[in-house]
Every structure is written in structure tokens, then in C-alpha cells.
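# Report on the structure
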Amino acid sequence: MVAAAARGDRDAFGLLYRRFSRAVHGVLVARLTREDAEDLVQDVFMHAFTRLRDLRQPAAFGSWICAIARRQATDHYRRNRPTEPLADTVAASDRPDLVVEAHRALAAIRALPEAYRETLVLRLVEGLSGPEIAAVTGLTPDSVRVNLHRGFRLLRERLGVTI
Amino acid sequence: MTTAPHDDLDDVYLWDPETPPSAEVRAVERRLAPLRFEPEATPLDWTRAGAFVVRRRRPTWLYALAAAAVLVVAVGSLAAWRWSWPAGRPWPIDAAPAGAARSLAVGAALDLPATDRMHLRVARIGTMQIDGDTRLTLRSTQGTRHRLTLDRGTVHVRVWAPPGSLSFQTPAGEVIDLGCEFDLTADGVRSVVRVRSGWVQLDNSLDESLVPAGAMSEMRADRVPGVAVFEDASPDFMAAVRALEAGAADGDVLRRIIVAARPRDVYTLLMLVERGEFGSDLLARRAADLWPPPAGVTVGAILRGNRDALWQWRDTLPLPPPKSWLRNWRDALPSWFADRR
């Protein structure tokens, strides 16, 4: 699939997008506002499409594109003052209460130590499994397991989660 | 109620969302659900592709090919420049005694006193040092054909050019550069050449002789040019070879050659055999002992005058390839630089 996309096959690249866009979004949303993250997902994939020939190992596509996402998030953060136009999002939603709650939870994750942020976003926001997180972050499975355990324990305390 | 069971359940579900859910984790997931990215709802926007220039990396071999082409053109241009020289243009003299001419013109005889020394450029193909008490005349010069006469004295020559570009007429015969560095001394009777790199050809009306790097030879007008003898050969071997060439057909001279010869001297032995010098059969057998001939070549064939067989044998010797001026590219460098390497 990666090889076909590298030859310019847009359908193949579309499949890669469907498979990895959540991971890319997770990487971005752990650093930027949700609106900026959604917008930047497109840029990350277009940027990756132009540079696919540079990718030597097709199996590393996930971690490669997430690395691109991290770089672009950093560049974007430097260029733009981070703002959270929450009001617009809330106003556009059918359930503004849920949106507000979601952003509060995301803010709580972002307030955690950096080591836990991306791992928790990928798991709790985007729904990736532990092995999938390890694959796209380049962390070892054990590190992911520890980050999930410790990060979630801290998050639970801060959110005051009740069943 | 302890938290341990919750933690265990949390960990399992956190690791694998396909397992039965943990209530606490599920509660957080539900809170964050509005933020989840849905690729189906946000398909790839190819209209943005125009903003990203497709960068096609040029293959490495293309750069290598371009670099090779540039190198070939550069070397070719340099060679063409070196080998071009207007007919009759005087050679520049780099270092000369006070009051001496600054160039060597065609037809002008240079008579250098014993106390002086001179450096001049051999057109653009090399350099020459002229020792004291030397008489030299530039007969003609053009492109890659430069002819001189050395009546007496010593010159040290370093050239990088196609074989035959430079030659000296001496009283004993002609000395032709085959792309190399050599020293040449001439007097009214004989010419002696010592080759530093490449090959030099000695040629008079009787025969010719090829002298490789590391060897020396001498030529007299009334004899065939001497065979090449490596300068690190024993003095007795050298003296005996010259005596044999001078016509000393006796067993003692032959014995001295055979005893002192080394594998490196097989080239000398084969040249003596080729000339049919006295004792050629013994010299050929000694050569075979020191450096066995290749398959299909026998001493018998050599002695029957099979010159092709002899050259096949000679080609197995560790000698610089004839007319290998391209391989002697270091001769194109200034001597101070090449000598330092």
C-alpha cells in the first residue's frame, strides 16, 4: 500500500489516511487546539504524500507520519499563538455540554506530564490499542503500558472520575 | 473497597480496547468522544495538494554520472590544453643564470657552462632540468611533437603526454619518451638513460631497446642499444651484462650473469636471449628457473626464435605496462607535489 502510494496512487494513500489519520490527529491534538489539529491533519498527509519516496521502510509509515505531525505541530505552535476558540465549537454543536466536558477532559490530559499526554490522547481520544500506540510513537510496549497506567491514574484523580 | 481490582481492569482495557471495558476508563472515553477524529467524515482534501510541491529525489547515480561527466570534461579540457602548443613557440625558462635568455627558441643552441643549471618548461607537457656543461638545441616544437638535440650533458625530464611526444637526438641515437620521467646523459660516444617512471625507448640505426621504470640502459652509435638493467641489480650483474653486450663471449661473464641474476632481472635475461647473445640457451634456462614461463611457452620455443612466445613470457613479468602514460598520471603533477606523495 505504501509502495503504491509512493508511486502516486491516491486510492492507496487514501487507505493509509483512513488507517493512520486518527494517530496523526491524536499527536496533533495533544499539542494544539482541536480546530488546528483537524486542519493540520490534512497538511500532514499532503506533506507526507510529497515525501513518500524518502521513506525507506514502508512498515515504518505510522511512526514516520507521526514524526511529521509532531514537527508540524511544533512549527504551527511557533507561528501561531495557541488559542482555543471553544465558543465557536460549542455554538456549532448539538450538545454543547458534551463539547465543554470533552475539552475539559482534554485540558486535564494536557496538564499531565509530557510523557503521558500523547499516549493517553491516542488511547482515550482516538481509541488506539497499546500495540498500535507503540507502533506509531516508537515507544516500547512496556513504556506504553507504564504511560497508560500512570497517566490514567493521574488523570482519574484530576477529573474525579466516578462510575 | 480497594482500588487494586479497578487498576487491574483499567490496565487490561487500557492496553486492549477489545477486552471487556473498565467502567472508569470507559467514562473518560465517553467524555472525550466528541474530540475523536473521524476520517470518514473528513476525507482527504486533495485540493490542498497543489500547495505541496512533489519533491522527486534525484537518484544518487544521476549525481555520480554528472560528477563523472564534469570530471571527464575537466580532465579532457586540461589534457587538450596541455597538449596544445603553437608551432615554433619558444619554451619558457623558469630558472636560469643571471643574464641568460628567458626562453628557448627553436633552432637556438643552449650551451650551459659547467657551473650553471637551468629549469624550463617542455611546452605544456612537462618540465626539464638542464645540468651544467650541457649543449641542447630545440629543433622543433608543436602540439604533442617536440624534438631536441642533446650533443652533450645531462637533462632530467618529467613529462605527461602521449608516447613519442618528446625525443632527444644524441650522438649515439635517439631517446624517445613514452610518457614518463627520466634522466638522460649524453657525450660524444654514448647516451645513458635512467627511468624514474613509465618507459623510455632507445633507438639507433641498429635496433631499439625499451627501458622500464627503475632500470637504466646505455646506447652507443656503433652497437645495438643496450638492454635494460634494473638499477638495484648487483654491480657484478650489471658489469657482466654490459661486458656481454660489448662482445665478451666467454664463460666467466656468462657465469657471473647467471649467478647474480634475481627474478627481477628476468626481463634483462629475456632481452639478451632475444638478441641471441652468447650463451642464450643458458640464459633462457636460468630465466625459467627464476620466473617460470606461462603455460604453452617453452624454453625450446624461445631458443628457436619464437618471438611471440618470448613476449608472452615477458608479459607475465611485473613491469609497468608499455606506453601507459595514462596510468602515470602523477607525472602530470608538479614534481614538488608528486614527490611529496
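The subject of this paragraph is the overall build of chain B. From N to C terminus, chain B includes 10 helices and 15 strands. Residues classed as buried in chain B amount to 43% of the 341 residues present. Taking the intrachain contacts of chain B between residues at least 6 apart in sequence as the baseline, contacts between residues at least 24 apart amount to 45%. When the accessible surface of chain B is totalled, it reaches about 17000 Å², and 56% of it is carbon and sulfur.

Within this structure, the stated rule accounts for 10 aromatic pairs over all chains. Ring geometry for Tyr17(A) and Phe37(B): centres 6.4 Å apart, planes at 85°, overall edge-to-face. Remark: Phe37(B) occurs in the loop between helix H2 (23-32) and helix H3 (60-82) and Tyr17(A) occurs in helix H2 (residues 10-29); the pair is interchain, linking two chains. Taken as a pair, Tyr17(A) and Phe37(B) share a single burial class, namely buried. Of the aromatic side chains, those joined through ring pairs into one cluster are Phe13(A), Tyr17(A), Phe45(A), Phe49(A), Phe37(B) and Trp46(B). The ring of Trp311(B) carries Arg314(B) above its face, with NZ or CZ at 4.3 Å from the centroid.

What follows is about helix H5 (residues 251-260) of chain B. In an α-helix, one turn spans 3.6 residues; hence positions three or four apart end up facing the same way. Residue and element names in this part refer to chain B. All buried positions along H5 are accounted for by Val 253, Leu 254, Arg 256, Ile 257 and Ala 260. Angular distribution of buried residues about the axis of H5 spans 160°; they occupy a single face of the element. Along its buried surface, H5 packs onto helix H4 (235-245), helix H6 (266-274) and helix H7 (280-290). For H5, the N-terminal capping position is held by Asp 250, with its side-chain oxygen 3.0 Å away from the main-chain nitrogen of Asp 252.

Quick look at helix H3 (residues 34-51) of chain A now. All names here are of chain A. If you check H3, its first and last C-alpha atoms are 26 Å apart, about what 18 residues at 1.5 Å a residue would give, namely 26 Å. In the structure, H3 departs most strongly from a straight axis at Leu 40, where the bend amounts to approximately 25°. For H3, the buried fraction is high: 13 of the 18 residues fall into the buried class.

Attention shifts here to the interface of chain A and chain B. Counting residues at the interface gives 52 residues for chain A and 36 residues for chain B. Carbon and sulfur atoms supply 60% of the area that chain A and chain B bury against each other, a total of about 4500 Å² over both sides. For the interface between chain A and chain B, the tally reads five salt bridges. Between Arg156(A) and Glu24(B) there is a salt bridge; the shortest N-O distance is 2.6 Å. Put simply, chain A and chain B have 14 residue pairs in polar contact (both at pLDDT 80 or more) between them. A total of 12 residues in the side of chain A that touches chain B trace back to one element, the largest contributor, which is H3(A).

Turning to the pattern of salt bridges, a few remarks are in order. All names here are of chain B. Summed over the entire model, instances satisfying the criterion amount to 32 salt bridges over all chains. When the shortest N-O distance is used, the salt bridge between Glu 245 and Arg 275 registers 3.9 Å. Here the residue Glu 245 occupies a position in helix H4, and Arg 275 occupies one in the loop between H6 and H7, the gap between them amounting to 30 residues. Relative accessible area serves as the criterion here: at 17%, Glu 245 is assigned to the buried category. Judged by relative accessible area, Arg 275 falls into the partly exposed class, the value being 24%. A single salt-bridge network, built from bridges that share partners, covers Asp 111, Asp 133, Arg 135, Asp 151 and Arg 152.

All names here are of chain A. Orientation of H2 relative to helix H4 (residues 61-79), taken along the N-to-C sense of each, is 45°, at an axis distance of 9 Å. Classed by the angle they form, the pair H2 and H4 counts as oblique. Here H2 runs over H4; the crossing is right-handed. Each of Phe 13, Leu 16, Phe 20, Ala 23, Val 24, Val 27 and Leu 28 in H2 lies in contact with H4, whose residues at this interface are Phe 61, Gly 62, Ile 65, Cys 66, Ala 69, Arg 70 and Ala 73.

Moving on, we get to the confidence of the model for chain B. Residue and element names in this part refer to chain B. With 89% of its residues at a pLDDT of 70 or more, chain B has an overall mean of 87. When pLDDT is averaged over each helix and strand of chain B, the minimum, 55, is found for helix H10 (residues 335-340) and the maximum, 98, for strand E15 (residues 229-230). The ipTM assigned to the predicted complex is 0.86, against a pTM of 0.55.

Residue and element names in this part refer to chain B. By size, the foremost hydrophobic cluster in this structure holds 75 residues, and its most contacted members are Trp 91, Met 128, Phe 168 and Phe 182. The greatest single-element share of this core, amounting to seven residues, is contributed by H6. Counting only domains with at least three residues in this core, you end up with domain 2 (87-213 + 327-341) and domain 3 (234-319). Sequence-distant contacts of Phe 182, defined by excluding residues within four places in its chain, comprise Val 155, His 156, Val 157, Phe 168, Val 175, Asp 177, Val 193, Arg 194, Val 195, Arg 196 and Val 200.

Judged by side-chain polarity, Trp61(B), Leu62(B) and Leu65(B) come together as a nonpolar surface patch covering roughly 330 Å² of accessible area. Looking at the secondary structure, you find Leu65(B) in helix H3.

Locating Arg123(A) in the fold gives a position in helix H7 (residues 114-125). Within polar-contact distance, the side chain of Arg123(A) engages the backbone oxygen of Tyr13(B) at 3.0 Å. At 2.7 Å, the side chain of Arg123(A) forms a polar contact with the backbone oxygen of Leu14(B). Not counting the four nearest positions on each side in its chain, Arg123(A) is found in contact with Leu128(A), Ile133(A), Leu148(A), Tyr13(B), Leu14(B), Pro17(B), Val25(B) and Glu29(B).

The rules behind the values
Residues numbered from 1 in each chain as written. Chains lettered and ligands numbered in written order. Predicted model: local features only at pLDDT ≥ 70, side-chain atom pairs only at ≥ 80, totals over all residues. Heavy atoms only, no water. Helix = DSSP H or I, 4+ residues; strand = E, 2+ residues; numbered from the N terminus. Buried < 20%, exposed > 50% of the residue type's maximum accessible area, 1.4 Å probe, protein only. Contact = heavy atoms within 4.5 Å. Areas by Shrake-Rupley, 256 points an atom, 1.4 Å probe, with all protein chains shown as cover. Phe/Tyr/Trp six-rings, centres within 6.5 Å; stacked < 30°, edge-to-face > 60°. Lys NZ or Arg CZ within 6 Å of the ring centre and 35° of its normal. Arc of directions from axis to C-beta. Polar contact = N/O pair within 3.5 Å; in protein donor to acceptor, adjacent residues only side chain to side chain. Expected span 1.5 Å × (residues − 1). Bend = angle between axes of the 7 residues up to and from the residue. Buried area = accessible area lost by both parts, 1.4 Å probe. Salt bridge = Lys/Arg side-chain N within 4 Å of Asp/Glu carboxyl O. Axes fitted to C-alpha atoms, helices over the stretch in contact; angles between N-to-C directions. Parallel < 35°, antiparallel > 145°, perpendicular 65-115°, else oblique. Left-handed = near helix turned anticlockwise from the far one by under 90°. pLDDT = per-residue confidence, 0-100. Core = buried A, V, L, I, M, F, W, Y, C linked by side-chain atoms within 4.5 Å. Domains from an automatic or database assignment. Patch = residues over 30% accessible without salt bridge, like charges linked within 9 Å, V, L, I, M, F, W, Y side chains within 5 Å.

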